Amino acid sequence: MRILLVEDDFQLGESLEAALRMEQYAVDWLRSGEPVRAALSSTPYDLLILDLGLPGTPGLQVLRQLRADKHRLPVLVLTARSTVADKVDGLDSGADDFLTKPFDISELFARVRALLRRRGDHKATLLLAVGISLDPVDRQVIFEGESVDLTAREFALLEILLRNAGRYVSRARLEEGIYSWGEEVESNTVEVYVSRLRKRFGSSCIETMRGVGYRVPA
Ligand code: CA
């Protein structure tokens, strides 16, 4: 699951980005609303977390614009104010949920999970293959009846492979899925994570075809 975070407050943005990554979401962080449109058209996101008080284009305008563009992704609005009028404005503009600052991070996680689940589409369903069960919303992996702890990148890689079970996924596509913007991609990263996953789940859980990519057998 990939989240776009728009927050101009550096401290808050930085801590939200880190916390969401700890929860194994891929996160891209923007400090203003202007680049949101381009980001949404170039990258498939599952959720937008949008601060309303932004420099330049206000958050509500960003929200109205993306709904006018027919983007249907769930939007969680962060706001410093919480009057009824503000909420009505936000809902009218297409927000799915609100969080008033300051908030507890566990509440943010709960709202995020609820929004991702509410979508009710294929992206929220449990992924099952080669004896592994991965819950993309609760961020849980079960193997042979036991819960398995994975790092954020191991989880992201496994999620992409399970989503495409039976089909080969290119290395480039996997790299795109496990790195956020601006992170330097190391040349053998995918191999490193594939080999860690094979250690966890057995060597036959991921197949390699040279020059094509990797797959989890269906
Ligand atoms: Ca702000």
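Please refer to the structure higher up on the page.
Since we're looking at a predicted model, the values are computed, not measured.

> Just give me the short version of the sheet that holds strand β6 (residues 127–129), but keep the residues and values in it.
The 4 strands lie next to each other as β6-β7-β8-β9, forming an open sheet whose pairing is antiparallel. Strands with a single pairing partner mark the edges of an open sheet, and in this sheet they are β6 and β9 (146–148). The sheet shows a mean angle of 25° between the axes of neighbouring strands, taken without regard to direction. Across 3 bridges, strand β8 (residues 140–143) lies against β9 in antiparallel orientation.

> Just give me the short version of the pairing of strand β3 (residues 47–51), but keep the residues and values in it.
Among the 5 residues of β3, 5 are classified as buried, and the element is accordingly described as predominantly covered. Residues Leu 47, Ile 49 and Asp 51 line one face of β3 and the alternating positions Leu 48 and Leu 50 line the opposite face, and both faces are buried. With 4 bridges joining them, strand β1 (residues 2–6) and β3 adopt parallel strand pairing. Among the inter-strand pairings, Ile 3 is bridged to a residue of β3, identified as Leu 47. Across 4 bridges, β3 lies against strand β4 (residues 75–79) in parallel orientation. Paired with Ile 49 across the bridge in β4 is Leu 76.

> Can you lay out the sheet that holds strand β2 (residues 26–30) for me, pointing to particular residues and giving the numbers?
Sheets are built from strands that pair by backbone hydrogen bonding, the pairs being arranged parallel or antiparallel. Sheet architecture is open: 5 strands sit in the order β2-β1-β3-β4-β5, paired in parallel fashion. Two strands close off the open sheet at either side, each with one partner strand: β2 and β5 (97–100). Looking at each pair of strands side by side, their axes are set apart by 20° on average, direction ignored. Where β4 meets β5, 4 bridges bridge the pair, whose relative direction is parallel. If you follow Val 77 over to β5, its bridge partner there is Phe 98.

> Summarise unusual backbone geometry; cite the residues concerned and give the values.
A negative phi angle is the norm for most residues apart from glycine, just as the trans form is the norm for most peptide bonds. Along the chain, Lys 101 connects to Pro 102 via a cis peptide bond; the corresponding omega equals -10°. Relative to the helices and strands, Pro 102 resides in the loop between β5 and α5 (105–118). The backbone of Val 130 sits at a positive phi, close to 40°, despite the residue not being glycine. With respect to the secondary-structure elements, Val 130 resides in the loop between β6 and β7 (132–135). Here Glu 144, not a glycine, exhibits a phi torsion of approximately 50°, which is positive. Taking the relative accessible area as the measure of exposure, Glu 144 reaches 65% and is therefore exposed.

> Please provide a residue-by-residue account of the layout of surface pockets, values included.
As a volume, the second largest pocket reaches approximately 150 Å³. For the second largest pocket, the full set of lining residues is Gly 33, Glu 34, Val 36, Arg 37, Leu 40, Thr 57, Gln 61, Val 62, Gln 65, Leu 66, Asp 69 and His 71. Only α2 (36–42) and α3 (59–68) provide two or more residues apiece to the lining of the second largest pocket. When residues of the lining of the second largest pocket are assigned to their parent elements, the largest contribution, 4 residues, is made by α3. Classifying every residue of the lining of the second largest pocket gives 4 nonpolar, 5 polar and 3 charged.

Rules of the game
- Residues numbered from 1 in each chain as written.
- Predicted model: local features only at pLDDT ≥ 70, side-chain atom pairs only at ≥ 80, totals over all residues.
- Heavy atoms only, no water.
- Pairing = 2+ DSSP bridges.
- Helix = DSSP H or I, 4+ residues; strand = E, 2+ residues; numbered from the N terminus.
- Axes fitted to C-alpha atoms, helices over the stretch in contact; angles between N-to-C directions.
- Buried < 20%, exposed > 50% of the residue type's maximum accessible area, 1.4 Å probe, protein only.
- 1 Å grid on protein atoms, 1.4 Å probe; cavity = no way out; pocket = protein on both sides within 12 Å on 5 of 7 lines; lining within 4 Å.
- Points joined across faces, edges and corners; volume = space filled by probe spheres on them.
- Nonpolar A, V, L, I, M, F, W, Y, C, P; charged D, E, K, R; others polar.

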